[in-house]
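# Observations on chain architecture
Spelled out, the chains give:
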Amino acid sequence: MFHRSISYRVFSTFNVIFLALLSFMCIAPLLHVLAVSFSTSTAADANLVKLWPVGFSLDAYKATLSNVFFIGSFGNSIIRTVLGTAIALSLSILIGYALSKESSEFRGRNIYAWFFVFTMLFSGGLIPGYIVVQKLGLLNTVWALVLPGAVSVYNTILLMNFFRTSVPKALEEAAFIDGAGHFRALWQIYLPISLPSLATIGLFTMVGHWNAWFDGLIYMTHAEKYPMSTLLQTIVVQRDLSSMSVNADEMKELSNRTVKTAQIFIATLPIIIVYPFLQKFFVKGIVLGSVKE
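Throughout, a residue's number is its position along its own chain's written sequence, starting from 1. A pLDDT threshold of at least 70 governs which residues receive local features in this predicted model, and a stricter bar of 80 or more applies before side-chain atom pairs are shown or counted, although totals over entire chains, interfaces and linings include all residues. Side-chain measures were taken over the full set of non-hydrogen atoms in the model, leaving aside hydrogen atoms and water.

## Quick look at helix H1 (residues 6-37)
Here a strand is any run of E in DSSP of at least two residues, a helix any run of H or I of at least four, and the numbering for each starts at the N terminus. Any helix carries an expected span of 1.5 Å times its number of residues minus one. Its 32 residues place the ends of H1 46 Å apart at the C-alpha level, agreeing with the 46 Å of an ideal helix rising 1.5 Å per residue. Residues of H1 that are buried include every one of Ala28, Val33, Ala35, Val36 and Ser37, and no others. Throughout, exposure labels follow a simple rule: accessible area from a 1.4 Å probe, protein chains only, divided by the maximum for the residue type, with under 20% read as buried, over 50% as exposed, and the rest as partly exposed.

## Side note on the packing of helix H8 (residues 153-166) against helix H11 (residues 195-211)
Running from N to C, H8 and H11 point in directions that differ by 175 degrees, and their axes come no closer than 11 Å. In this view, H8 runs roughly antiparallel relative to H11, as classed from their interaxial angle. Residue-level inspection shows Asn155, Leu158, Leu159 and Phe162 of H8 in contact with H11, the latter providing Ser197, Leu198, Ile201 and Thr205. Lys, Arg, Asp and Glu make up the charged group, whereas Ala, Val, Leu, Ile, Met, Phe, Trp, Tyr, Cys and Pro make up the nonpolar group; the residues left over, Gly among them, are polar. Considering only residue class, the contact of H8 with H11 consists of five nonpolar, three polar and no charged. The angle between two axes is taken between their N-to-C directions and runs from 0 to 180 degrees, where each axis is a line fitted to C-alpha atoms and a helix contributes only its stretch in contact. With respect to orientation, any angle under 35 degrees is reported as roughly parallel, any angle over 145 as roughly antiparallel, any angle of 65 to 115 as roughly perpendicular, and every other angle as oblique. Any two residues having at least one pair of non-hydrogen atoms within 4.5 Å are treated as being in contact.

## What to know about the layout of surface pockets
Size it by volume and the largest pocket reaches roughly 850 Å³. Ranked by residues supplied to the lining of the largest pocket, first place goes to helix H6 (residues 126-135) with five residues. The residue inventory of the lining of the largest pocket, partitioned by class, reads 19 nonpolar, 11 polar and two charged. The pocket and cavity definitions rest on a 1 Å grid over protein atoms only: a 1.4 Å probe that fits but cannot leave marks a cavity, an open set with protein on both sides within 12 Å along at least five of seven lines marks a pocket, and residues lining either have an atom within 4 Å of a point. Grid points are joined across faces, edges and corners, and a volume is the space filled by probe spheres set on the points.

## Topic: the confidence of the model for the protein
pLDDT expresses, on a scale from 0 to 100, how confident the predictor is about each individual residue. Overall, the prediction assigns the protein a mean pLDDT of 83, with 88% of residues at 70 or greater. Confidence, read as mean pLDDT per element, is least for helix H14 (residues 242-245) in the protein (49) and greatest for helix H7 (residues 143-146) (94). Long-range and interchain partners of residues 284-293, a stretch whose pLDDT sits below 50, account for 11 contacts in this model, where long-range means more than four residues apart.

## What to know about the pattern of salt bridges
In what follows, salt bridge is the name for a side-chain nitrogen of Lys or Arg lying within 4 Å of a carboxyl oxygen of Asp or Glu. All told, the structure shown has five salt bridges when counted by the stated rule. Its salt-bridge partner being Glu172, residue Lys101 comes within 2.1 Å of it at the nearest N-O pair. Here Lys101 is found in the loop between helix H4 (68-99) and helix H5 (109-121), whereas its partner Glu172 is found in helix H9 (residues 169-177), with 71 residues between them in sequence. The class of Lys101 is buried, set by a relative accessible area of 5%. Owing to a relative accessible area of 1%, Glu172 belongs among the buried residues under this scheme.

Here you go:
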């Protein structure tokens, strides 16, 4: 039996305590928001709520879920996130696959690669970007939130390097010998092997779209077109937006704090729900043993 030394046990104990405290520091703000959202308006306004609800109440959630304006912004965010993630992943996969080839297979590869890298260093700026979106007639549409940032060069480079280093060349050559083309090789060989990297990039893209608020603020001229994060930013930053979030009669019996925290917690639920399903893909070693050279 392996004998654990005193130094090893001390380090393990310190490591567990440190990680437990770090985890608590990350979870505590969310627990506080959840506790305030379930507390009564009196307790919330008096700052009596810490990590546990005081005077349990569902009034804030009832008012939030019955508000058409909030539900509309929630739907806008879902549409934006689904479209944005699908388009961004598709473009990153296609570009990354093409750039992963050698110059002998893809003429002009280096020129295209440097073209994409150049966009990471220099951009047109906010005003030219707004003018382009306006001239294309995309204002107040979901495409204004999806198309301008559809190609993530950083994610594309990650996929390109993954395709070049982690996918055995012999698998692709075997597929070409059997008569497969590039699209079939990409679909049946590269994508199944690349599920961990695709899940990671997909999750980052999804969270980025869900949390993005600034583009909704500048590209949406009507408040009913706001995505969820833009609505929450407007509600939280501005002092009095009760008329936008909950009607005036309900606000007489509610607290701004309970309503805001309820909206914030509801907005975080989709990411909290989706993450566990993608976490299982965050593993390494799918390619191991597929080819012996």
